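Working through the structure, step by step
Chain by chain, the residues run as shown.
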Amino acid sequence: MTRPSVLALLLLCVNTFTIHAFTLSTPTKATNSMTLTSMSSSPSNDNNSNNAQELSRREAFATLNKAALAAATMLTTSASLPANADVTNKIASSSALRTIKRCIRQLTDMEGSATSFNDYMSVKESIRKPPLTEVRRNCVILIKGGEDGPDAALLQEKYNAFIKALESLDGQASLGMRGRKGISMVEEYDATMKAIKDFYEVAERTAEAPIQYAD
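Residues numbered from 1 in each chain as written. Predicted model: local features only at pLDDT ≥ 70, side-chain atom pairs only at ≥ 80, totals over all residues. Heavy atoms only, no water.

**Notes on the overall build of the chain**
We count it as follows: Secondary structure elements are taken from DSSP: a helix is a run of H or I of four residues or more, a strand is a run of E of two residues or more, and numbering for both begins at the N terminus. Think of it in three bands: with a 1.4 Å probe and only protein chains considered, a residue is buried below 20% of the maximum accessible area for its type, exposed above 50%, and partly exposed in between. For this analysis, residues touch if any pair of their heavy atoms sits within 4.5 Å. For accessible areas, the Shrake-Rupley method is used with a probe of radius 1.4 Å. Any residue's cover is judged against the shown protein chains and nothing else.
The helix and strand tally for the chain stands at 10 helices and zero strands. For the chain, the sequential pattern of α-helices and β-strands runs α-α-α-α-α-α-α-α-α-α. Each of the 215 residues in the chain was classed as buried or not, and the buried ones make up 31%. Taking the intrachain contacts of the chain between residues at least 6 apart in sequence as the baseline, contacts between residues at least 24 apart amount to 83%. For the chain, the accessible surface area stands at approximately 13500 Å², while carbon and sulfur atoms represent 57% of it.

**Considering the nonpolar core**
What counts, and what does not: Here, nonpolar core refers to any group of buried Ala, Val, Leu, Ile, Met, Phe, Trp, Tyr and Cys residues whose side-chain atoms link them within 4.5 Å.
Met110, Val123, Val135, Phe162 and Phe199 are the most contacted members of the largest nonpolar core, which totals 35 residues. Listed by contribution, the elements that provide at least two residues to this core are helix H5 (87-109), helix H7 (120-127), helix H8 (135-145), helix H9 (152-177) and helix H10 (186-208). When neighbours within four sequence positions are excluded, phenylalanine 199 is seen to be in contact with Cys139, Leu142, Ile143, Leu155, Lys158 and Tyr159.

**As for the packing of H7 against H9**
As a reminder of what qualifies: Think of each axis as a best-fit line through the C-alpha atoms, taken over the contacting stretch in the case of a helix, with angles from 0 to 180 degrees between the N-to-C directions. Working definition: roughly parallel below 35 degrees, roughly antiparallel above 145 degrees, roughly perpendicular at 65 to 115 degrees, and oblique for all remaining angles. Crossing chirality is assigned from the near helix's rotation relative to the far helix, an anticlockwise turn below a right angle marking it left-handed and a clockwise turn marking it right-handed. Residues are grouped as follows: Ala, Val, Leu, Ile, Met, Phe, Trp, Tyr, Cys and Pro are nonpolar; Asp, Glu, Lys and Arg are charged; all remaining types, including Gly, are polar.
Two numbers describe how H7 lies on H9: the axes approach to 8 Å, and their chain directions differ by 140°. Taken together, the axes of H7 and H9 are oblique relative to one another. Two packed elements cross with a definite hand, and for H7 against H9 that hand is left-handed. Counted together, Tyr120, Met121, Val123, Lys124 and Ile127 of H7 and Leu166, Leu169, Asp170, Gln172, Ala173, Ser174, Gly176 and Met177 of H9 form the full contact between these two elements. When its residues are assigned to classes, the contact of H7 with H9 shows eight nonpolar, three polar and two charged.

**A short note on the pattern of salt bridges**
Spelled out, the test is: Counted as salt bridges are all cases of a side-chain nitrogen of Lys or Arg within 4 Å of a carboxyl oxygen of Asp or Glu.
Scanning all chains against the criterion turns up six salt bridges. The partner of arginine 128 in a salt bridge is aspartate 170, and the shortest N-O contact between them spans 2.6 Å. Placement of the pair is arginine 128 in the loop between H7 and H8 and aspartate 170 in helix H9, with a sequence separation of 42 residues. With a closest N to O distance of 2.9 Å, arginine 205 and aspartate 151 form a salt bridge. Residue arginine 205 is found in helix H10, and its partner aspartate 151 is found in the loop between H8 and H9; the two are separated by 54 residues along the sequence. A relative accessible area of 39% means that arginine 205 is categorised as partly exposed. Here the residues in one salt-bridge network are Lys124, Arg128 and Asp170, joined through shared partners.

**What about the side chain of lysine 124?**
Turning to its location among the elements, lysine 124 is positioned in helix H7. Excluding its chain neighbours within four sequence positions, the residues that come into contact with lysine 124 are Asp170, Ala173, Ser174 and Met177.

**A few points about H10**
Here is the rule we go by: Expected span of a helix, by definition, is 1.5 Å for each gap between consecutive residues, and there is one gap fewer than residues.
In this model H10 runs 33 Å from its N-terminal to its C-terminal C-alpha over 23 residues, within 8% of the 33 Å that 1.5 Å per residue would give. Restricting attention to buried positions, one finds in H10 the residues Glu188, Tyr189, Thr192, Met193, Ala195, Ile196, Asp198, Phe199, Tyr200, Val202, Ala203 and Thr206.

**What about unusual backbone geometry?**
Geometrically, the link from proline 130 to proline 131 is a cis peptide bond, its omega value of 5° lying close to zero. With respect to the element layout, proline 131 can be found in the loop between H7 and H8. Residue asparagine 118 is not a glycine yet carries a positive backbone phi of 50°. Inspection of the secondary structure puts asparagine 118 in the loop between helix H6 (111-115) and H7. Look at asparagine 118 and you get partly exposed, because its relative accessible area is 32%.

What follows is the structure in structure tokens.
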């Protein structure tokens, strides 16, 4: 609930209470035109009427206090909520960063197969083993966690570059496995390594930034 909504609720509660209190304190026409019989009623009846009126006032005060407390709680809560960032993903960013770092090590271990031996099958299989199989999901977690930060657009850009390079490397490995001659994976491998390192660098900086809260 926004602050204006909460303030409106508080104002409504005050107005309602004021009207109710005024109604209780204002004699009705029936009271003004009391009959002789009612005026001569016993003190017990007067006491019962006064007690009922006092009880009504107490109930009105209790209602106002409850409403004011609820509105104040909502106002405090709404003031402390993050602006837009997904807090769950922000907390998960630490785990996602560790996964990306393991992916970098996995790609590093793939270097010989991709650049020296043209081991297409090995490269193809490595791309389809954890943690690389989880790289997209963890990249998305990092992107969502940093969507309110100053590097949000840059992080998305680095992610797109990495995925494009990884898919190109996978494509070259597929061509080599099908028997295409002269297929090299060096350029694609180097581009993939650079892209994932660039992404990790920006993601790490973004994950360390504090969550932005609404004013």
